[in-house]
Amino acid sequence: ASRRSLAAAKVYMFDMLQLQRGEEATAIAAALRACRDHEELALHLFHALRHIRMVASPSYSRRVAERLGEILPEQYQIELDAFGAATPASESARV
């Protein structure tokens, strides 16, 4: 079984942002790296995911969100699920 942790989610999203290589991704990654508070970190993780959904393909951003869901602690799953529920409209807008 995989281990869920904010630290693992932070490292994963930091890596995903580095792959994007844009100024905004770099700024979000820096904020993510500097973050120490759990609730603030969760907000930055969702901000990072929102950015990836804006710049990446729907299938890629879906895979990133699914992986984040696998490693994010369960107490944040409701927020992630709610965040994901808002995605189909934005994805269909790209088609």
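Described in the following lines is the structure provided in the data block. (Residues numbered from 1 in each chain as written. Predicted model: local features only at pLDDT ≥ 70, side-chain atom pairs only at ≥ 80, totals over all residues. Heavy atoms only, no water.)

1. A word on unusual backbone geometry
Next, step 1: Unusually for a residue other than glycine, arginine 21 sits at a positive phi of about 60°.
Next, step 2: In this fold, arginine 21 is placed in the loop between α1 (6–20) and α2 (23–34).
Next, step 3: By relative accessible area, arginine 21 is classed as exposed at 72%. (Helix = DSSP H or I, 4+ residues; strand = E, 2+ residues; numbered from the N terminus. Buried < 20%, exposed > 50% of the residue type's maximum accessible area, 1.4 Å probe, protein only.)

2. Side note on the packing of α2 against helix α3 (residues 38–55)
Next, step 1: Where α2 contacts α3, the two axes come as close as 10 Å, and the packing angle between them is 165°. When the interaxial angle is binned, α2 and α3 end up roughly antiparallel. For the pair α2 and α3, the sense of crossing is left-handed. For the pair α2 and α3, contact is made by Glu24, Ala25, Ile28, Ala31 and Leu32 and by Leu41, His44, Leu45, His47, Ala48 and His51, respectively.
Next, step 2: When the residues that make up the contact of α2 with α3 are grouped by side-chain class, the tally is 7 nonpolar, 3 polar and 1 charged. (Axes fitted to C-alpha atoms, helices over the stretch in contact; angles between N-to-C directions. Parallel < 35°, antiparallel > 145°, perpendicular 65-115°, else oblique. Left-handed = near helix turned anticlockwise from the far one by under 90°. Contact = heavy atoms within 4.5 Å. Nonpolar A, V, L, I, M, F, W, Y, C, P; charged D, E, K, R; others polar.)

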